[in-house]
Amino acid sequence: MAALPFELAPAIAALPFVSFLIALLVGAFAPRLLPKGGAIPGILATGGSLLLSIWAFVAVRGASEGMYHESMTWVAGVGEAAFDLHFGVLLDPLSTLMLVIVSLVAFLVHVFSLGYMNDEGETGLPRYYAGLGLFTASMLSFVFADNLLMAFMFFELVGLCSWLLIGFWQTERAPPSAAKKAFLVTRFGDYFFLVGVVGVFATFGTTMFVGGEGGLESFPHLAELALAGEGGAEVTTFLGLDPQAWFAVLGLLILGGVIGKSAQFPLHTWLPDAMEGPTPVSALIHAATMVAAGVYLVARIYGFYALLPEVLALIAFVGGFTALFAATMGVVKKELKQVLAYSTISQYGYMMLGLGAGGYVAATFHLMTHAFFKALLFLGAGSVIIAMHHNENMWDMGGLKEKMPVTYYAFLSGSLALAGIVPFSGFWSKDEVLFEALNHGMAGSELLLGAYAMGLLAVFFTGFYTFRMVALTFHGDARTDTARNPHGVRWNVKFPLVVLLDAGPEALGAHHYGELLHDFAHYESAGISPLAPGALALVLALAGAGLAWKLYAVPDPEEHTDKLGGAKTVLFNNYYQDEYQVWLAEGVTLPLARAADKFDQGVIDGVVNGVSSVSLFGGSRLRRIQTGVVSNYAFLLTASFVVLLVVIGLLGGWF
Amino acid sequence: MVPIEYYLLLSAAVFCIGVFGILTRRNALLFLMSVELLLNAANVNLVAFSRFHGNLTGQTFSLFTLALAAAEVAIGIGIILVLYRNFADVDVTEATTMRW
């Protein structure tokens, strides 16, 4: 059997890590020795990861059991209820597919950075490429992690790298603030994730995704056994809940991390701000890493979530709501990357909807197609931004179609996929997601039907904002001088665009999640044909796109969204989400923290200080009996002895 | 034969004189003498009970006490010498530097 690609699997993540070290150390001590500011090691490393990933992807199909799992213990537990901590590699169809996506996008982003960063004469490039390398390495390690704790550790590293890269232009005002926001908001979600990890340890004694004889050492399998009421699974529940309810609590806790990282409502606010980072970084964050990490985590432990119908319905509802919510905000934005940011939130909402609706394959499929078309769109946007001398306002563009045809056609195909127009990839994956939601919703879940309705409505908005963006950027007359004389882009910008144009779908091993969903979550299929809902979604997407085309693909378009009046203001201000979160932070958390501080300073420290000052005072009085005069001591001794004698005598009845 | 109560009364009287000397005297040499009185009071007790019980252990013990008293005086005089060297006096109430 082809064991070699599996033996080499850790190298997939190690290569970008080496490029990180090279960029960091050589960049710090001998920057002249580093060609292209570190880009070359990064490109070579991610290229190597890509090749290894493809090899593993192919090999895992031929492997026995369809997966490869190798684990080593780095902390061994001692005692009765001990558990071990592991580092391991888990390669199955899901993780290898994700490895290919991540390493491909990372590779193309590195190449694109040559054009976007190096050719534009940026400084601090070793720092940039070190960040990219570490980002890629952590994401790849996260993807092949075989247990929840390891996944959590790399999840955090991904968050750290996003902070480093979003705030890359650290001397300006906005990027560091956006980076801090991204870090803090995702940390907020990760906090719940951490509690969830501890909870899983306490409940199952293991956090492995797979492993053991018949899966007996993996927590999703243990949960399944516990709920089925069969023997062989020992679980500890807390708060007096039965296993079903307690597992739901655990699922929700882990979901906290997912919602933060995947920018779902209400923790989505960091993502549009993250656009302050360099555009290749945005492409990497949105298409392959960071945001994808959340959805990937749900897919990774889908065996666990499939047991919990309430949590699944909640995931679907949050996803559907986020899809619609973000799409409406995308309609009014002025800046190219802002529109793309909201489209990312919206598309990840679809993935969550798909996962929650039981469409594991559909959601993963959408994750993959989205990774490709969103990377394409971001790199296209980067190309446009180079051409526009770093002006991102779409109202200053227009008519770029003739000036940059390669970018135009790449961007257009990405947009068609994003809008879900047949036959582009986005149509197939998005409609599969919607079909799953409808199919399982029709079988009796109102929550799923509601989520479906929101998802369907979002299709219309998606079509609208996508083509508003395309029309404003590439069609009509050039509205500013810059747009009339755009900056040329070189091969290293065009090459990744062309590669991403050729992205195609691939089937997945869906494991036995179908059965689980049926047995535990009671998801029934309504047995409807996918044709009618697909056609409905397509019509809606076309309607949205057509409307946008009609309104904006004219020589001199107007701000038609102004007619929305007050609604536009609300949309433009993102439903005042930032305001209320800032209010939450400053109006609620800050006073609370102050009160806690006061309590700490006053009561806790007060007691401690009080005890010490009583001792001090008592000591300062009591030391006066230590005079240094021997006679006094002798007197004290004698007097005490006499008193003792008298007392003992009285009590002992001598007198 | 003299009853044992007389010995005990004598011993208690000598002991009280010794304690009184320790509590009231300031001269270190008088201190040493008073300590000798205490020891000898104890010796009187030991010999008296030894005779009372017809057991020679008490008398042997008093010999030990005498040897101990001699050693104690040797050390005590040494301390008094140092005291005098440092404070130019043998007044025990002067040497109060070893407190807080």
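Residues numbered from 1 in each chain as written. Chains lettered and ligands numbered in written order. Predicted model: local features only at pLDDT ≥ 70, side-chain atom pairs only at ≥ 80, totals over all residues. Heavy atoms only, no water.

### Examining the overall build of chain A
So, point 1. Broken down by element type, chain A carries 27 helices and two strands.
So, point 2. Expressed as a percentage of the 655 residues in chain A, the buried residues total 55%.
So, point 3. In chain A, 79% of the contacts between residues at least 6 apart in sequence involve partners at least 24 apart.
So, point 4. Put simply, chain A shows about 26600 Å² of open surface, and 67% of that area lies on carbon and sulfur atoms. (Helix = DSSP H or I, 4+ residues; strand = E, 2+ residues; numbered from the N terminus. Buried < 20%, exposed > 50% of the residue type's maximum accessible area, 1.4 Å probe, protein only. Contact = heavy atoms within 4.5 Å. Areas by Shrake-Rupley, 256 points an atom, 1.4 Å probe, with all protein chains shown as cover.)

### Points about the interface of chain B and chain A
So, point 1. Residue-level contacts link 12 residues of chain B with 11 residues of chain A.
So, point 2. On inspection of chain B and its partner chain A, the count reaches zero salt bridges.
So, point 3. At the boundary of chain B and chain A, one finds zero residue pairs in polar contact (both at pLDDT 80 or more).
So, point 4. Top element by residues in the side of chain B that touches chain A is helix H1 (residues 4-24) of chain B. It accounts for three residues.
So, point 5. Across the side of chain B that touches chain A, the residue classes break down as eight nonpolar, two polar and two charged. (Salt bridge = Lys/Arg side-chain N within 4 Å of Asp/Glu carboxyl O. Polar contact = N/O pair within 3.5 Å; in protein donor to acceptor, adjacent residues only side chain to side chain. Nonpolar A, V, L, I, M, F, W, Y, C, P; charged D, E, K, R; others polar.)

### Here we look at the packing of helix H9 (residues 243-261) of chain A against helix H12 (residues 291-300) of chain A
Residues and elements named next belong to chain A.
So, point 1. Interhelical geometry of H9 versus H12 gives an angle of 150° and a closest axis separation of 7 Å. One finds that H9 runs roughly antiparallel with respect to H12. Crossing of H9 against H12: the hand is left-handed. Two secondary-structure elements touch here, H9 through Ile 254, Leu 255, Val 258 and Lys 261 and H12 through Val 291, Gly 294, Val 295, Leu 297 and Val 298. (Axes fitted to C-alpha atoms, helices over the stretch in contact; angles between N-to-C directions. Parallel < 35°, antiparallel > 145°, perpendicular 65-115°, else oblique. Left-handed = near helix turned anticlockwise from the far one by under 90°.)

### Description of the confidence of the model for chain B
So, point 1. When pLDDT is averaged along chain B, the result is 91; 99% of the residues meet or exceed 70.
So, point 2. If you check the scores for this complex, the pTM reads 0.73 and the ipTM reads 0.86. (pLDDT = per-residue confidence, 0-100.)

### Some thoughts on helix H5 (residues 125-144) of chain A
So, point 1. Its 20 residues place the ends of H5(A) 29 Å apart at the C-alpha level, agreeing with the 28 Å of an ideal helix rising 1.5 Å per residue.
So, point 2. Most of H5(A) sits out of view: 19 of its 20 residues are buried. (Expected span 1.5 Å × (residues − 1).)

### Details of unusual backbone geometry
So, point 1. Unlike most non-glycine residues, A:Ala263 shows phi in positive territory, near 55°.
So, point 2. Within the element layout of this structure, A:Ala263 appears in the loop between H9 and helix H10 (270-273).
So, point 3. Overall, the relative accessible area of 0% leaves A:Ala263 in the buried class.
So, point 4. For B:Ala88, which is not a glycine, the phi torsion comes out positive at approximately 55°.

### Re the packing of helix H7 (residues 174-204) of chain A against H9(A)
Residues and elements named next belong to chain A.
So, point 1. For the pair H7 and H9, interaxial distance at closest approach is 7 Å and the crossing angle is 150°. By the angle class used here, H7 and H9 are roughly antiparallel. The handedness of the crossing between H7 and H9 comes out as left-handed. Listed contacts from H9 to Thr 186, Gly 189, Asp 190, Phe 192, Phe 193, Val 195, Gly 196, Gly 199, Val 200, Thr 203 and Phe 204 of H7 are Trp 246, Phe 247, Leu 250, Leu 253, Ile 254, Gly 256, Gly 257, Gly 260 and Lys 261.
So, point 2. Looking at the contact of H7 with H9 residue by residue, the class counts come to 10 nonpolar, eight polar and two charged.

### A closer look at the pattern of salt bridges
All names here are of chain A.
So, point 1. According to the stated counting rule, one finds four salt bridges over all chains in the structure shown.
So, point 2. Across the pair Glu 156 and Arg 187 runs a salt bridge, and its minimum N-O distance is 2.0 Å. Of this pair, Glu 156 sits in helix H6 (residues 148-166) while Arg 187 is found in helix H7, placing the two residues 31 residues apart along the sequence.
So, point 3. What makes Arg 187 partly exposed here is its relative accessible area of 27%.

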